[in-house]
Amino acid sequence: MGIMAVKSLDQKLARIQADSSCRDFILADAKDADMAFGLSAPGLSPEHHAGEARFRTLDEYRQQIRDIVAQGLVDIMLMSASTSECLTIRERLFDRSAITPAVRANDTSDIWLAAGSGRYSQQPSLPFRTATIDHAQCGKAQCAAGERQLGVDLGLYSCTFNNDAAADLRTLEAYKAFRLEAEAKGFRHFLEVFSPNAPAVAPASVADFVNDHIARTLAGVTSAGRPIFLKIPYFGPAAMEALARYDRSLVVGILGGSAGTTFDAMHMLWEAKRYGARVALYGRKINNAEDQLTFVHFLRLVADDQIAPDEAVRAYHGALQRQGIRPKRELADDLQKTAVSHAYSGSGRREGDSAVARPGDGTPAHVPCAATATRTEQEPDFSRMTPAEKARWNLERWKRIIG
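The structure displayed is predicted, hence computed values, not measured ones. (Residues numbered from 1 in each chain as written. Predicted model: local features only at pLDDT ≥ 70, side-chain atom pairs only at ≥ 80, totals over all residues. Heavy atoms only, no water.)

Draft legend 1. Highlighting the overall build of the protein. In terms of helices and strands, the protein carries 14 helices and 10 strands. Burial analysis of the protein (403 residues in total) assigns 54% to the buried set. Partitioning the contacts of the protein with sequence separation of at least 6, the portion at a separation of at least 24 is 72%. (Helix = DSSP H or I, 4+ residues; strand = E, 2+ residues; numbered from the N terminus. Buried < 20%, exposed > 50% of the residue type's maximum accessible area, 1.4 Å probe, protein only. Contact = heavy atoms within 4.5 Å.)

Draft legend 2. A look at the sheet that holds strand β3 (residues 100–104). Spatial strand order, β6-β5-β4-β3-β2-β1-β8-β7: 8 strands in an open sheet with parallel pairing. In the strand order of this sheet, the two ends are held by β6 (230–231) and β7 (253–255), each with one partner. As defined by bridge partners, strand β1 (residues 26–31) adjoins strand β8 (residues 279–282) across 4 bridges and the pair is classed as parallel. Considered in β8, the bridge of D29 is made with Y282. Its contacts with the sheet put helix α3 (residues 81–90) on β2 (76–79) and β3, and the angle it makes with β2 is roughly 125°. (Pairing = 2+ DSSP bridges. Axes fitted to C-alpha atoms, helices over the stretch in contact; angles between N-to-C directions.)

Draft legend 3. Structural detail: helix α2 (residues 58–71). Helix length check: α2, at 14 residues, gives a terminal C-alpha distance of 20 Å against a target of 20 Å (1.5 Å per residue), a fit within 8%. Taken together, the buried positions of α2 are Y61, R62, Q64, I65, I68 and V69. What you see down the axis of α2 is that its buried residues fit within an arc of 150°, all on one side. α2 presents D59 and A70 as exposed residues on the side facing more than 90 degrees away from its buried surface. On its buried side, α2 packs onto β1, β2, α3, α10 (284–287) and α11 (292–303). Looking at the residues trailing α2, positive phi occurs at G72, about 80°. (Expected span 1.5 Å × (residues − 1). Arc of directions from axis to C-beta.)

Draft legend 4. A nonpolar patch on the surface, seen in detail. A grouping of W112, Y120 and F128 is seen on the molecular surface, where their side chains present a nonpolar patch of about 290 Å² in accessible area. Tracing the backbone through its elements, the reader meets F128 in the loop between α4 (118–122) and α5 (133–138). Taking the relative accessible area as the measure of exposure, F128 reaches 41% and is therefore partly exposed. (Patch = residues over 30% accessible without salt bridge, like charges linked within 9 Å, V, L, I, M, F, W, Y side chains within 5 Å. Areas by Shrake-Rupley, 256 points an atom, 1.4 Å probe, with all protein chains shown as cover. Salt bridge = Lys/Arg side-chain N within 4 Å of Asp/Glu carboxyl O.)

Draft legend 5. Fine view of α11. With 12 residues, α11 should reach 16 Å at 1.5 Å per residue; the first-to-last C-alpha distance of 16 Å fits that figure. Of all the positions in α11, only Q292, T294, F295, V296, F298, L299, R300, V302 and A303 are classed as buried. Once α11 ends, the next one or two residues include D305, with phi positive near 65°.

Draft legend 6. Spotlight on the packing of aromatic side chains. The full count for this structure, using the stated rule, is 8 aromatic pairs. When the ring of F178 is compared with that of F187, the centres are 6.4 Å apart and the planes differ by 90°; the resulting orientation is edge-to-face. Just as F178 is buried, F187 falls in that class too. An aromatic cluster is defined as three or more aromatic residues linked by ring pairs; in this entry it consists of Y157, Y175, F178 and F187. The side chain of R179 reaches across the aromatic face of Y175, ending 4.8 Å from its centre. (Phe/Tyr/Trp six-rings, centres within 6.5 Å; stacked < 30°, edge-to-face > 60°. Lys NZ or Arg CZ within 6 Å of the ring centre and 35° of its normal.)

Draft legend 7. How the structure looks around the pattern of salt bridges. Per the counting criterion, the structure on display carries 23 salt bridges. With its nearest N and O atoms 3.4 Å apart, the salt bridge here joins R314 to D310. Of the two residues, R314 and D310 are both situated in helix α12 (residues 309–323); the distance of 4 residues between them amounts to about one turn of the helix. Given a relative accessible area of 43%, R314 falls into the partly exposed group. Owing to a relative accessible area of 31%, D310 belongs among the partly exposed residues under this scheme.

Draft legend 8. Local environment of the pairing of β1. In terms of burial, β1 is largely enclosed, as 6 of its 6 residues are buried. Of the pairings in the sheet, the one linking β1 to β2 comprises 4 bridges and is parallel in character. By the bridge assignment for β2, K31 is matched with M79.

Draft legend 9. Spatial organisation of the confidence of the model for the protein. Confidence in the prediction for the protein averages 87 pLDDT; 82% of positions are at 70 or higher. Throughout residues 342–379 the model reports pLDDT below 50, and contacts reaching past four residues in sequence, or to other chains, amount to 92 contacts. (pLDDT = per-residue confidence, 0-100.)

Below is the structure:
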């Protein structure tokens, strides 16, 4: 394999751990959607016509990965195990790249989003792993001595807690088994924690529920088995700041959620960093961009404090114009901030609505920053919804959340 390139992820993590005020920021492209959506994962083909569901092919999806790796501006490329086998093990795509390859290490039932399968996401998340650590590391069921370095040494492990002791126990037991195996095989992971997908009783504050579960779960995990960083929904400044300041050794990252406007993507990253996030994993936001390489270029500038979110949007539109690419939205529309779903809900409160306070401490779970209010979500009344409406709501929710 020759000499492997030094990875920017490792360098940045070391600097962040040494100095929590460090301004380094880790950017990841999440191209693992084939583990959730199937044929629609690569996104709409440029050849599609109105009313036609024509999607890119898996080969085209993988070519986008090659292009972004060649660009060299992200720090992590997240893939399915099958895509990683193709690009990491067979093609050796990452050997001379500063980008770290990673795989989705588990695919819980709440992300089984094949067309027409809305019932899965209505039920509390069940733990499941298609990929194995050995397959991620060497492409087969059992790695021989010296083969574990052929593939990846980093995986995304996902948990969804539902305020249900039996369901959450299964989730925690599966995570424990994964951690022990990963530690034994020299496999690192980062931990994704979603909002509840089918809670037994909806928590009063989803942000506090998720934050507390993260702190409680990791309290019993020593350094050898801890995730190298977190991937969580961005619930707003107060929740991010509370988690980031609680444990300075824990590097907090956000998931991108729905594609939204270009300003949504740039502003979420900028604001989350301002309140303590040091990682952003963007999937649909990158995949749905008019030009992915140009979009990533401006994300990198925002992440590195080189440009403000609104300036990035204007510059992005200028770059599209120079390339002769027609934007999906007019500039004025693309500068708007729209609602993003983070919680167990499909409808959000308007900016300026009252926040949900955490009982006992008087601190709002969602506090708008001085310049921009952060929209939050309320629970739908499932008792008034038909099965078809529940299925549609859950499918749309996961389309917004999965990166």
